[in-house]
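# Breakdown of the fold
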Amino acid sequence: MKRIEMYTSDTCPNCVKLKEFLKKNNIEYIEYNISKSEKYRKELIKEGFLSVPVMKIDDDYVLGFDVPRIKELLSL
């Protein structure tokens, strides 16, 4: 099983869409909400990203709600 982590914020419509997509496909994930944690915001910036959603699937990153890339990495 792949490890899925994602950075989100409370004001991001694509974050909501991404979470709905994952729930619909019964995919478990770990969420790091940058609106609620300065630590998570700093981690995201350290990884080189300034926007959300950012998804990490094992060692691969996906910026935004990129369904084709997500499906490719998850073999859906």
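Preceding this section is the structure that the text describes.
Residues numbered from 1 in each chain as written. Predicted model: local features only at pLDDT ≥ 70, side-chain atom pairs only at ≥ 80, totals over all residues. Heavy atoms only, no water.

## A closer look at the nonpolar core
Here is a general trend for soluble globular proteins: nonpolar side chains tend to be buried in one another's company. This is how the line gets drawn: By nonpolar core we mean a set of buried residues, namely Ala, Val, Leu, Ile, Met, Phe, Trp, Tyr and Cys, connected to one another through side-chain atoms within 4.5 Å. Only protein chains enter the calculation, and the probe is 1.4 Å; a residue is then buried if its accessible area is under 20% of its type maximum, exposed if over 50%, and partly exposed in between. Numbering goes from the N terminus for both helices and strands, where a helix is a DSSP run of H or I of at least four residues and a strand is a run of E of at least two. Note on contacts: a residue pair qualifies if any of its non-hydrogen atoms lie within 4.5 Å across the two residues.
Ile-4, Met-6, Leu-18, Phe-21, Leu-22, Ile-27, Met-55, Ile-57, Val-62, Ile-70, Leu-73 and Leu-74 together form the largest nonpolar core, which totals 12 residues. Taken together, the elements giving at least two residues each to this core come down to β1 (4–8), α1 (13–24), β3 (54–57) and α3 (67–74). Contacts of Met-6, omitting those with residues within four sequence positions, involve Leu-18, Lys-19, Leu-22, Tyr-29, Ile-30, Glu-31, Tyr-32, Val-54 and Met-55.

## Comments concerning the state of the cysteines
Convention followed: For the purposes of this analysis, a disulfide is any pair of cysteine sulfur atoms at a distance within 2.5 Å.
Tallying each qualifying case throughout the model produces one disulfide. Between Cys-12 and Cys-15 runs a disulfide, and the two sulfur atoms are separated by 2.5 Å. Every disulfide takes its handedness from the sign of the S-S torsion; for Cys-12 and Cys-15 that torsion is 90°, giving right-handed. Like Cys-15, Cys-12 is buried.

All quantities given are derived from atomic positions and should not be read as evidence of function.
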